[in-house]
Amino acid sequence: MASFPARWARTQNFSLGRAVQPVISADGCRVLFLRTRGPEDPVRCLWAYDTTTGREELLADPRAFDAPPAGTDDVDRVRRERSRDHSAGISAFVTDADARRAAFVLSGHLFLLADGFTRLGAAAPASDPRFSPDGGRIAYVSAGALRVIGADGAGDRAVAEPDGPDVTWGLAEHEAAESMSRDRGFWWAPDGDRLAVARVDNAGVPTWHLTDPARPDAVPRTLRYPYAGTPNARVSLFIAGPDGRVEADLRAAEYLVDVLWDDTGLFAVTQDRPQRTMRLLAVDPESGASSVLREDTDHAWTTIVPGFPAHTADGALLWTVDDGDTRRLTVDGEPVTPPGLEVFRLLGVDGGTALIAASDEPTQTHLWTWNAADGLVRQTTEPGMHGGILRGGTLVVTSSTLDGSAVAVRPSGGGGTGTLHDDSAAPDVSPVVRLIRAGRSELPTAVLFPAGHNPGSGPLPVLLDPYAGTAVRRVVASRAAYHVSQWFADQGFAVVIADGRGVPGRGPRWERTVHRDRADAVLADQVEALHAVAERHPEMDLGRVAIRGWSAGGTLAALAVLRRPDVFHAAAAGAPVTIARLYSSHWQERYLGDPDEDPQTYERNTLIADAPNLRRPLLLIHGMLDDNVLPVHTMRLSQALLEAGRPHTVLPLHDASHMIARPETAEAVLTYEARFLREALGL
């Protein structure tokens, strides 16, 4: 049987074969979704589920299509990178209102499912197709131009074409896709006559180059990357129609956060550069004039909550408010969720009913509905991480708990709940997770021991396995979150995972405790959690403590051995940010401010000056094609360590970006990392 690292990599953490991206028809009777045909098959196919019969039908297997590559285009690759999508085949699709017609892009070509499948004569390579409200046309992007084609394949035309060498229409710029949860750049009018479209001008954005060192014959990839303190892309919003275009007045905003165009009107959400002001603008589609509907401010930053704004069927505005320790759902400005129930996301609106993801427990996420008649109703109860969609009265619930994962369908009008078929592989490990609150700060913490561990036996070396960033909770009631951690535990470690200051789930005030400090405060929380857990479990050997992590976790791992070698005795740091100024502008300035106004804050959150302090084994891992945390971070830290005479190990991955897509590479990295940490602690 293959090793755990091999199976984990080939099954994409045992997720292949499970339904993803469900879409419900307007009448609630049909669910379309993507799923691979086996536990190690990476090719996503399109399927349909009939809520009245409970039957599934394969609609499209990409292997059956004649779709030769349509030239080179970075758009799809970048979209997959931003969404951390490792899959092949159909990576995304859209439907008309009845979910009887679907469109998707394969190898750069636009395909339509109606009575059968048709490859439309759209410009190629195509990306991001979206149906008009009546389903008669499809808007899409090709070569930086926004285009529209009839669903019958006729009348392909450009709506807006690049008017400069660095201009695109209809695409989300880097900061929107990576940092603002906006992955699109155009929106249909409800009547289908016009489109709101983002124009992105990257002319002033710094140019970076990514080179694959294993392919010296390949042309380096050019990347427009706005890092802290440098110019961002200039993003404007236009309304395009049969009579031409008019520009929307965004009131000199730095960032276009999102756009909403529904029966209530056209709206834009914007932020200023410091992100301390967020505005909801009402835009006149005829003139482009705007008015401020609401303005939210905060001394640290305003938070983008995915899915907002939206309107109910009767036009009530759905928004959020940060009320002390709670982010609450508001309807026309009035809070309708109670204090203590943290709202994470608006998942959709079905008539007068809003579906939200929220939690009163940091390790869980549950589904709740709200409407004027019933008020707030909880839809999930089993401890875990739940997501979903609601349309036509049908609710699809995607659940991941400590017992496993499932996608359930609750049909409109009642009746029995169905479950979408799951072909995913059974994990090679069985995580046994202890979820506790550690230390005076009551930090959400997960603890795992080797299989068959007897409490009190030992001593056991300790491995901290955090993320500790502001984007993701690591300590959650989901088995899928701990497969790798349990495997490390089975290598002979007691594994500790802690979510410290800034990690979502404990309210706005907790999130903002990392304002101006994403280094020392975050590291202090890991030390607090470690010592608190060790007090409960004296078999933990605090003389042998390692730490591993990726991205924010990689930054923390490197920081730990550089600044607290008295606590941490080895580290494996993947894709770390080591130079605060050289990371994404929207993300970094949110927490650390303007580097020209406050350079000391950036220095305190930079690791280069700490290089002479290294006296513990340190493994640095970085994908040479990483366009999120660029390889310069690892290369410059390595150079500083070398010049300081501090031995360390660097593992460059020539075929990897910020995510490791190739299963062979992912397997090898995990195996090497475990061996490095075991040897570093003398196991």
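Up top is the structure.
The notes below deal with the structure included here. (Residues numbered from 1 in each chain as written. Predicted model: local features only at pLDDT ≥ 70, side-chain atom pairs only at ≥ 80, totals over all residues. Heavy atoms only, no water.)

### Examining empty space enclosed by the protein
- Under the criterion given, the structure shown has one cavity of 30 Å³ or more.
- The space that makes up the largest cavity amounts to roughly 50 Å³.
- If you trace the largest cavity, you find it lined by Pro362, Pro444, Arg473, Asp499, Gly500, Val503, Pro504, Gly505, Arg506 and Trp510.
- Residue classes in the lining of the largest cavity are distributed as five nonpolar, two polar and three charged. (1 Å grid on protein atoms, 1.4 Å probe; cavity = no way out; pocket = protein on both sides within 12 Å on 5 of 7 lines; lining within 4 Å. Points joined across faces, edges and corners; volume = space filled by probe spheres on them. Nonpolar A, V, L, I, M, F, W, Y, C, P; charged D, E, K, R; others polar.)

### Overview of unusual backbone geometry
- Look at the link from alanine 124 to proline 125: it is a cis peptide, with omega at 0°.
- Following the sequence through the fold, proline 125 ends up in the loop between β9 (117–119) and β10 (127–131).
- The step from phenylalanine 308 to proline 309 runs through a cis peptide bond, and the omega angle for that step is 5°.
- Looking at where proline 309 falls in the secondary structure, it is placed in the loop between β24 (290–297) and β25 (310–311).
- Of note in this structure, alanine 468 is not a glycine but carries a positive phi near 60°.
- By the secondary structure assignment, alanine 468 is in the loop between β39 (460–464) and α4 (483–490).
- In this structure, alanine 575 takes a positive phi of about 50° despite not being glycine. (Helix = DSSP H or I, 4+ residues; strand = E, 2+ residues; numbered from the N terminus.)

### Description of the environment of valine 331
- Within the secondary structure, valine 331 is located in strand β27 (residues 326–331).
- Judged by relative accessible area, valine 331 falls into the buried class, the value being 12%.
- For the pair valine 331 and alanine 532, spaced 201 residues apart in the sequence, the C-alpha separation amounts to 42 Å. (Buried < 20%, exposed > 50% of the residue type's maximum accessible area, 1.4 Å probe, protein only.)

### Some words on the sheet that holds strand β30 (residues 353–359)
- Pairing within the open sheet is antiparallel, and its four strands lie in the order β29-β30-β31-β32. Sheet topology places β29 (342–350) and β32 (375–378) at the edges, where each strand pairs with a single neighbour. Between one strand axis and the next, the sheet turns by 25° as a mean value, whatever way the strands run.
- Two strands pair when backbone bridges link them, and β30 and strand β31 (residues 366–371) are joined in this way by five bridges, in the antiparallel orientation. Residue leucine 355 lies in a different strand from β31, and its bridge partner there is threonine 369. (Pairing = 2+ DSSP bridges. Axes fitted to C-alpha atoms, helices over the stretch in contact; angles between N-to-C directions.)

### Quick word on the environment of serine 142
- Assignment of secondary structure puts serine 142 in strand β11 (residues 137–142).
- With sequence-adjacent residues up to four places away left out, serine 142 is seen in contact with Ala123, Ala124, Pro125, Ala126 and Arg147. (Contact = heavy atoms within 4.5 Å.)

### Regarding the pairing of strand β20 (residues 244–247)
- Alignment of strand β19 (residues 234–241) against β20, held across four bridges, turns out to be antiparallel. Residue pairing in the sheet places glycine 241 in a bridge with glycine 244 of β20.
- Linking β19 to β20, which pair antiparallel, is a turn of two residues.

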